[in-house]
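# Reading the structure
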Amino acid sequence: MTMNATIPGALRAATPVMPAAADPVAAFIASRQFDRPTLVVSRDRVIAQYDALIAGLGEARVHYAVKANPAPEIIRALVERGARFDAASRGEIELCLAQGATGADISFGNTIKKPADIAYAHAHGITLFAADSEAEIDKLAAHAPGARVYLRVIVENSEADWPLSRKFGCARSAVLPLMSYARERGVEVVGLSFHVGSQTRNPASWNPVLDQIAALWDAGRAAGFDLNVLNLGGGFPATYEDEVMGAESYAAAVMEAVIQRFGAVPYIMAEPGRGLVAEAGHIVAEVLLVSRKSADDLHRWVYLDIGMFSGLAETMGEAIRYRIETPHDGGETGACILAGPSCDSADILYEQRPVMLPLALACGNRVVIRHCGAYTSSYSSVGFNGFPPLDVVVI
Ligand SMILES: Cc1ncc(COP(=O)(O)O)c(C=O)c1O
């Protein structure tokens, strides 16, 4: 019997997006045993995605948002391919330098930086920094003389699955005053940055945001600021539950919209994180328990050995909906509430929209959570409830 009849909006059982033979990560997982949740990521897949993105981005340079997946092997492969990097902290800068990037390849994109980290970046040849406030400009003037600064602007990004509004950026009305403030302190404002919001599935969603930024760009230039760096941020999507547009076509659509509004800009940079690495990795995990809360409970509860605190933080608010494969796919399914293993009631992955999983699913079964290469290992806690951080294998 299928238990899903009364559960509107529940997900259908996942079907594999790619045959195992064409998916080296799936083939690797299938050929091995794992004793704890493990993210397996393919370097070749990251590089193929990088190539697709740069084909669509044309003149724009990729600064990979390291926070999405800081595996050293991935950073090295991207260095060798000619990528640049968006670092959020001294730790990420050290990582990129250790993997062969130079200071000139790295932008320090966090608008909230420790003064000592600014000095470290400056000492290691980084000249491009983000700022969104007077106080941050003061820090840059003091600790990174000669810094080139792009101002991060708040934009509306309600169409993103994982919005990044509010915390970063200044209001549009603050941009010109900040440019003047920086000039008075000898800090060179070279451009603007924004983020349309992570996992923006439709490239047309960029248009109103680009309109807002282009108006500021024109106003800044009219006021005598030599703007020459346009930082498009991230937002490039990955296929999760729903298939998204290919990376090359998506990037090309964004660039067409950029060029229509900005014309020729000396340096355009994009900071893909998710769109570069998410599809390159899957997590292999295990079912720990399948149970019901009562005899007439319509849902089964399925508890995995991975949860909100051990790598799947982006299920918060059920924002990112991963596809889950099981050994029983194709069999009869029912609605499940999916949860993690920790003793924390926030550790529920999908409940508002339950997941349809096979009725045969049982304790000990392996599950493969697809397209988990971004924001999993880097979000995994260290030792919460005694669970180790997510294991990462780069193939
Ligand atoms: C400054 C900055 N750039 C780029 C990114 C990457 O965004 P995405 O993963 O959507 O590509 C982020 C994500 O938080 C960010 O904060």
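Please read these numbers as outputs of a predicted model, since none were measured by experiment.

### Remarks on the site of the ligand
Residues in contact with the ligand amount to 14 residues; listed here are only the nearest, H195, S198, E271, G273 and Y375. Separating an oxygen atom of the ligand from a side-chain N or O atom of K67 is a distance of 3.3 Å. Take G273: an N or O atom from its main chain is 2.8 Å from an oxygen atom of the ligand. Protein coverage of the free-state accessible area of the ligand, which is 390 Å², stands at 92%. A breakdown of the residues in the shell around the ligand according to their chemical character gives 4 nonpolar, 5 polar and 5 charged.

### Things to note about the side chain of R370
Looking at the element boundaries, R370 is found in the loop between β15 (366–369) and β16 (391–394). A residue is classified by how much of its surface remains accessible, and R370, at 3% relative accessible area, is buried. Looking at R370, its side chain comes within polar contact range of the side chain of E325, at 3.3 Å.

### What to know about helix α6 (residues 134–143)
Residues of α6 that are buried include every one of E136, I137 and L140, and no others. The arc that holds every buried residue of α6, seen down its axis, measures 100°, which confines them to one face. For α6, the elements touching its buried residues are α5 (115–123), β5 (128–131), β6 (148–152) and α7 (172–184).

### Details of the sheet that holds strand β9 (residues 267–270)
In spatial order, the strands read β2-β3-β4-β5-β6-β7-β8-β9; together these 8 strands close into a barrel with parallel pairing. Going from strand to strand, the sheet's axes swing by 30° on average, the running direction of each strand aside. Pairing of strand β4 (residues 106–108) with β5 involves 2 bridges; the strand directions are parallel. Within β5, the position partnered with F108 by the bridge is F129. This element, α7, spans β6 and β7 (188–193) of the sheet and lies at about 155° to β7.

### Quick look at the packing of helix α8 (residues 206–222) against helix α9 (residues 247–262)
Between α8 and α9, whose axes approach to 10 Å, the crossing angle comes to 35°. Viewed along their axes, α8 and α9 form a crossing whose handedness is right-handed. Side by side, α8 and α9 meet where W206, N207, L210, D211, I213, A214 and W217 of the first sit next to Y250, V254, A257, V258, R261 and F262 of the second. Residue composition of the contact of α8 with α9, grouped by class: 10 nonpolar, 1 polar and 2 charged.

### Regarding the UniProt feature "repeat: ANK" (unreviewed entry) in the protein chain
The sites that UniProt annotates as "repeat: ANK" (unreviewed entry) are residues 57–90. Between the end C-alpha atoms of residues 57–90 there is a gap of 28 Å, over a span that is 35% helix and 26% strand.

### Describing the domain arrangement of the protein chain
Entries for the protein chain in the domain assignment read domain 1 (20–40 + 279–394) and domain 2 (109–272). Each of domain 1 and domain 2 has a C-alpha centre, and the two are 35 Å apart. Counting from both sides, the interface comprises 13 residues of domain 1 and, opposite them, 11 residues of domain 2. Together, the buried faces of domain 1 and domain 2 total about 1000 Å²; carbon and sulfur atoms form 50% of this surface. Ranking the residues of domain 1 by area buried against domain 2 places E279, I320 and R323 at the top, with a combined share of 42%. Our count for the contact surface shared by domain 1 and domain 2 stands at 3 salt bridges. A salt bridge links E241 to R321; its shortest N-O distance comes to 3.1 Å. The interface formed by domain 1 and domain 2 holds 7 residue pairs in polar contact (both at pLDDT 80 or more) in total.

What counts and how
- Residues numbered from 1 in each chain as written.
- Predicted model: local features only at pLDDT ≥ 70, side-chain atom pairs only at ≥ 80, totals over all residues.
- Heavy atoms only, no water.
- Near = heavy atom within 4 Å.
- Polar contact = N/O pair within 3.5 Å; in protein donor to acceptor, adjacent residues only side chain to side chain.
- Areas by Shrake-Rupley, 256 points an atom, 1.4 Å probe, with all protein chains shown as cover.
- Nonpolar A, V, L, I, M, F, W, Y, C, P; charged D, E, K, R; others polar.
- Helix = DSSP H or I, 4+ residues; strand = E, 2+ residues; numbered from the N terminus.
- Buried < 20%, exposed > 50% of the residue type's maximum accessible area, 1.4 Å probe, protein only.
- Arc of directions from axis to C-beta.
- Contact = heavy atoms within 4.5 Å.
- Pairing = 2+ DSSP bridges.
- Axes fitted to C-alpha atoms, helices over the stretch in contact; angles between N-to-C directions.
- Left-handed = near helix turned anticlockwise from the far one by under 90°.
- UniProt positions renumbered as here; feature names shortened; annotations may be inferred.
- Domains from an automatic or database assignment.
- Buried area = accessible area lost by both parts, 1.4 Å probe.
- Salt bridge = Lys/Arg side-chain N within 4 Å of Asp/Glu carboxyl O.

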